[in-house]
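# Breakdown of the fold
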Amino acid sequence: MGRPPPAGRRLRAVSAGLGATTTLQTTGAPVAPPAPLQVAILLGTTREGRQGQRAALFCQRQLQRAGHRVTLVDPLATPLPMLEKAYQHYKEDELPRPAVMEEIAAALQSADALVCVSAEYNHTIPPALTNLLGHFGPSFLLNGKPAGLVTYSAAWHGGRFAAAHLRGLCGELGLITTPNIHSIGAVYEQLDPDGNET
């Protein structure tokens, strides 16, 4: 029989699972707990009767409970036009950029990580989320940042068809998506309008 592993210190690591924690066994000197992250949640729909705010507020609450700072980017509150020119394509003589674009860019630039909250429309990503992401990537605002994917739908599959498309889009824009996808099925039954579990 081999020797048992040496006793070590336990490190709480925040996973991409919306503030869930996992315990890692470490050895040697004490390791400081992870610092709080600045997270931007991108809500991906503007449709009348949307349910996305339920999922986005749920994510916000879970992240804040884990000690992280959260900015919610809602395309209904900060509406962008249909994409004509991306943030990084503005030339010096075309500045300043539109104020709404600069507001969202500031939230993205200060974020350590993103969470994309996506509905599933016709088995794919809502146009509002594609438009939002397209305004800012690929660029230094997104490149190399981790992104958690949260999908939801009225059906029990939880928007997984959209998730497959969203992962590909995020990769093209330079984001590094987490391996796991958080899918919320029957969102209107599982979460109330304020994002609380029912």
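This write-up is about the structure you can find in this document.

Calculation criteria
- Residues numbered from 1 in each chain as written.
- Predicted model: local features only at pLDDT ≥ 70, side-chain atom pairs only at ≥ 80, totals over all residues.
- Heavy atoms only, no water.
- Helix = DSSP H or I, 4+ residues; strand = E, 2+ residues; numbered from the N terminus.
- Expected span 1.5 Å × (residues − 1).
- Buried < 20%, exposed > 50% of the residue type's maximum accessible area, 1.4 Å probe, protein only.
- Arc of directions from axis to C-beta.
- Contact = heavy atoms within 4.5 Å.
- Pairing = 2+ DSSP bridges.
- Phe/Tyr/Trp six-rings, centres within 6.5 Å; stacked < 30°, edge-to-face > 60°.
- Lys NZ or Arg CZ within 6 Å of the ring centre and 35° of its normal.
- Right-handed = clockwise from strand over helix to strand, strands pointing away.
- Axes fitted to C-alpha atoms, helices over the stretch in contact; angles between N-to-C directions.

## Points about helix 2 (residues 99-110)
- For helix 2, with 12 residues, the first-to-last C-alpha span of 17 Å sits near the 16 Å given by 1.5 Å per residue.
- Listed as buried for helix 2 are M101, I104, A105, A107 and L108. Each buried residue of helix 2 lies within a common arc of 160 degrees when the element is viewed along its axis, so the set occupies one face. Across helix 2 from its buried face, at more than 90 degrees, point the exposed residues A99 and E103.
- The elements touched by buried residues of helix 2 are strand 3 (38-43), strand 4 (69-73), strand 5 (113-118) and helix 3 (127-134).

## Some details on the pairing of strand 5
- Summarising burial for strand 5: 6 of the 6 residues are buried, a large majority.
- Covered by surrounding structure in strand 5 are A113, V115 and V117 together with L114, C116 and S118, the residues of both alternating faces.
- One ladder, built from 5 bridges, connects strand 3 with strand 5; its direction is parallel. In the strand pairing of strand 5, I41 is matched with V115.
- Here strand 5 runs beside strand 6 (residues 146-152); their pairing, made up of 5 bridges, is parallel.

## A short note on the packing of aromatic side chains
- Within the structure shown, the criterion is met by 2 aromatic pairs.
- For the pair Y87 and F136, a centre-to-centre distance of 5.9 Å together with 40 degrees between the ring planes defines the contact as tilted. Here F136 lies in the loop between helix 3 and strand 6 and Y87 lies in the loop between strand 4 and helix 2, a separation of 49 residues in the sequence.
- An aromatic cluster of at least three residues, connected via ring pairs, comprises Y87, F136 and F140.
- If you follow R47 out to its NZ or CZ, it ends over the ring of Y121, 3.8 Å from the centre.

## Quick notes on the pairing of strand 3
- Of all 6 residues making up strand 3, 6 are buried, and the element is well covered by its neighbours.
- Of the two faces of strand 3, both are covered, the one formed by Q38, A40 and L42 as well as the one formed by V39, I41 and L43.
- Where strand 3 and strand 4 come together, 5 bridges link them in parallel fashion. When the bridges of strand 4 are listed, A40 appears paired with T71.
- The β-α-β motif built from strand 3, the intervening helix 1 (residues 52-65) and the parallel element strand 4 has right-handed crossover chirality.

## Some points on the sheet that holds strand 5
- Read across the sheet, 5 strands follow the order 4-3-5-6-7 without closing on themselves; strand pairing throughout is parallel. For this open sheet the edge positions go to strand 4 and strand 7 (176-184), each flanked by a neighbour on one side alone. In this sheet, adjacent strand axes meet at a mean angle of 20 degrees when their direction is disregarded.
- Across the sheet, helix 3 lies against strand 3, strand 4 and strand 5, angled at about 135 degrees from strand 3, the strand it touches most.

## Considering helix 4 (residues 160-172)
- Relative to the 18 Å expected for 13 residues at 1.5 Å per residue, helix 4 spans 19 Å between its end C-alpha atoms, a close match to the ideal helical length.
- Those residues of helix 4 that sit buried are A162, A163, L166 and C170. Down the axis of helix 4, the sector holding all buried residues measures 100 degrees, keeping them to one side. Away from the buried face of helix 4 by more than 90 degrees, exposed residues A164 and E172 are located.
- Next to the buried residues of helix 4 lie strand 5, helix 3, strand 6 and strand 7.
- Downstream of helix 4 by a residue or two, G174 has a phi angle that is positive, lying close to 95 degrees.

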